[in-house]
Amino acid sequence: MKSHIYNMLRLSAALLTVLLLILVQYLPEREESILKNPDFDSDLYSETASQGKASIEWLDLHSGKWRCQHQPYKHISCGQTVTLKEEVGLGIDLSGFKGLRLKMWYEGSGNRFRVFIRNFEEGISVEGDYSSTKFMSLLIKTRELNDGTLDIEFNEFSTAEWWAAQWDVSREAARVSVDMMQSMGIDFIDPGDHVMQIVDIVIVGDWIKPDVLYFAVLIIWLVIIVTEGMVRIYNLYRRSVRSEETIFALVNNNVKLTQAQLSLKERVGRDPLTGALNRDGLQQYLDRLRAEHGSIPLGILLLDIDHFKSINDNYGHATGDEVLKQLVILIINNSRANDCFARWGGEEFVLVCPDVLNDQIFIIADKLRRLVEHFDFCDRDQFNITVSIGAAIGPSHNIDALIKEADRRLYIAKENGRNQVNFVDPQT
């Protein structure tokens, strides 16, 4: 195949790629109204309990405006619900959509409202028992309705704990699902006088999912590249019958280069999760420090996250991993430029402070302890962690003894109640 044919194929593929990328950016979203669909029923509801009640009434049925008066009592609510299917046990599949677009207005003193959806779960939900459908909800600040429009993605919802506990479902079954949606609604669970006007509830999605377009682009390029590559290899083979030794040498050098790259990656001394140095990286740092400066005063801080197992148990390992990564960033950003921070193992880290004085090491350690204590991890309200720190100081040529002493001090800090620094000045 001649060179100009290759160029034409590549140019055609490039033009098609540009067109597809433009299409995915500017293709209008797919929108379908839920509230204005004549097949779906919309109504108001309120709950009454023995110690309180909530009342609700239409102010303007045509415009979708209603009023809810909610007394200060838990476990009651009032709002508007839309039934997507009359028959219990059936629902509509919204898995092809990405979320909801709420067009609504609010007047009142409330700080938040709730958006909820119910989905029939095969193998769990019981036909005829509405309470068995999976209940998923999302609390939204009323101030987010400034312009009267609010977009919510389905993955923002969370499954109610009471539903998961009542039906004893697995973690996978408790995930958000909208493949058999039965109802959705908006209500208030906080006391107050609330006036809400729901103009429309729209489900929003893509006509063509971006990953489908990207996959099509990938297939096109793969076909062109593979075809061109095979033809070029065939032509090259025909022209290079007498150059096998040269080709073998190039292939052999390429293999050696690949092996060298893999070996280099294996020697990179960084923890893949947090980006901090690992033990190998720390050892390389210490070797370089001794080679450049000889024996100098060295401070060692051994940090351990208090009750880290409970974070993984209560919030999941993904949250635990995020805590570790944010802790590394926090410590590095608040350490000296020549300090070295490394992951020692699990939730344990070590900070090496070269050329530090005896009276400085405790100050550094306690500053970091307080920073961790007051830092909001994972953007969660009321989500904080603490660390226990063991500190030691001495000459850099005796690093193993320093780490052993810091580890002993860390053990004492945890035994004494955690969230503290344990250090004894060797000169006192």
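Every value quoted in this text rests on a predicted model; they were computed, and no experiment measured them. (Residues numbered from 1 in each chain as written. Predicted model: local features only at pLDDT ≥ 70, side-chain atom pairs only at ≥ 80, totals over all residues. Heavy atoms only, no water.)

1. Some points on the sheet that holds strand β8 (residues 112-119)
The cut-off we apply is this: Only strands joined by at least two bridges in the DSSP assignment are considered to pair. Comment: elements are numbered from the N terminus, with helices defined as DSSP H or I runs of at least four residues and strands as E runs of at least two.
Spatially, β2-β6-β12-β8-β9-β11 is the arrangement adopted by the six strands of the open sheet, whose pairing is antiparallel. Here the strands that pair on one side only, and so sit at the sheet edges, are β2 (41-46) and β11 (158-159). Summarising the sheet, strand β9 (residues 134-141) and β11 pair through two bridges and their orientation is antiparallel. Bridged to serine 137 within β11 is serine 158.

2. Notes on the environment of glycine 96
Worth spelling out the cut-off: Here's how the labels work: a residue is buried when its accessible area is under 20% of the maximum for its type, exposed when over 50%, partly exposed in between, all with a 1.4 Å probe on protein chains only.
You can see glycine 96 is positioned in the loop between β6 (78-83) and β7 (99-108). Given the relative accessible area of 35%, glycine 96 is considered partly exposed.

3. Things to note about the packing of aromatic side chains
Condition: By convention, a stacked pair of Phe, Tyr or Trp rings (six-membered ring in the case of Trp) has centres within 6.5 Å and planes under 30 degrees apart, an edge-to-face pair has planes over 60 apart, and any other such pair is tilted.
The final tally for this structure, using the stated rule, is eight aromatic pairs. Note on tyrosine 106 and phenylalanine 188: the rings are 5.4 Å apart at their centroids and 35 degrees apart in plane angle, and the pair reads as tilted. A residue pair is termed long-range when its members are at least 10 positions apart, and tyrosine 106 in strand β7 and phenylalanine 188 in strand β12 (residues 181-188) qualify at 82 residues. We note that tyrosine 106, like phenylalanine 188, is buried.

4. Overview of the sheet that holds strand β14 (residues 297-305)
Taking strand neighbours across the sheet as the criterion, the five strands line up as β15-β16-β14-β17-β18 in an open arrangement whose pairing is mixed. Two strands in the sheet have a free side with no partner beyond their single neighbour: β15 (340-345) and β18 (421-422). Here seven bridges tie β14 to strand β16 (residues 348-354), and the two strands are oriented antiparallel to one another. When the sheet's bridge partners are listed, leucine 303 is paired in β16 with phenylalanine 349.

5. A short note on the nonpolar core
Note the cut-off: Among buried residues, the Ala, Val, Leu, Ile, Met, Phe, Trp, Tyr and Cys ones that are joined through side-chain atoms within 4.5 Å form a nonpolar core. Two residues qualify as a contact provided that any one of their heavy atoms is within 4.5 Å of a heavy atom in the partner residue.
Formed by 39 residues in total, the largest nonpolar core has its most connected members in Phe113 and Met184. Apart from residues no more than four positions distant in its own chain, phenylalanine 113 is found in contact with Met104, Leu138, Leu139, Ile140, Lys141, Thr142, Leu145, Leu150, Ile186, Asp187, Phe188 and Met196. Counting 32 residues, the second largest nonpolar core, distinct from the first, contains Leu324, Leu327, Ile385 and Ala391.

6. Focus: the state of the cysteines
Our working rule: The rule for a disulfide is simple: a pair of cysteine sulfur atoms within 2.5 Å.
Tallied over the entire structure, the rule returns one disulfide. In this model cysteine 68 forms its disulfide with cysteine 78; the gap between the sulfur atoms is 1.5 Å. Linking cysteine 68 in strand β5 (residues 65-70) with cysteine 78 in strand β6, this pair joins segments that are ten residues apart in sequence. Judged by relative accessible area, which is 0%, cysteine 78 ranks as buried.

7. Some details on helix α5 (residues 279-293)
This is how it is decided: Helix span, as expected, comes to 1.5 Å for every residue beyond the first. In this context, the arc is that of the directions from the helix axis out to the C-beta atoms. Contacts described as polar in this section are N or O atom pairs within 3.5 Å, which, within protein, must combine one atom able to donate a hydrogen with one able to accept it, while residues neighboring in sequence count only if both atoms come from side chains.
If you check α5, its first and last C-alpha atoms are 21 Å apart, about what 15 residues at 1.5 Å a residue would give, namely 21 Å. Gly281, Leu282, Tyr285, Leu286 and Leu289 are the residues of α5 that are buried. Along α5, the residues classed as buried sweep out an arc of 140 degrees about the axis, all on the same side. Looking at α5, the residues exposed on the side facing more than 90 degrees away from the buried face are Asp280 and Ala291. The N-terminus of α5 is capped by asparagine 278, whose side-chain oxygen sits 3.1 Å from the backbone nitrogen of aspartate 280. Phi turns positive, to about 70 degrees, at glycine 294, one or two residues after α5.

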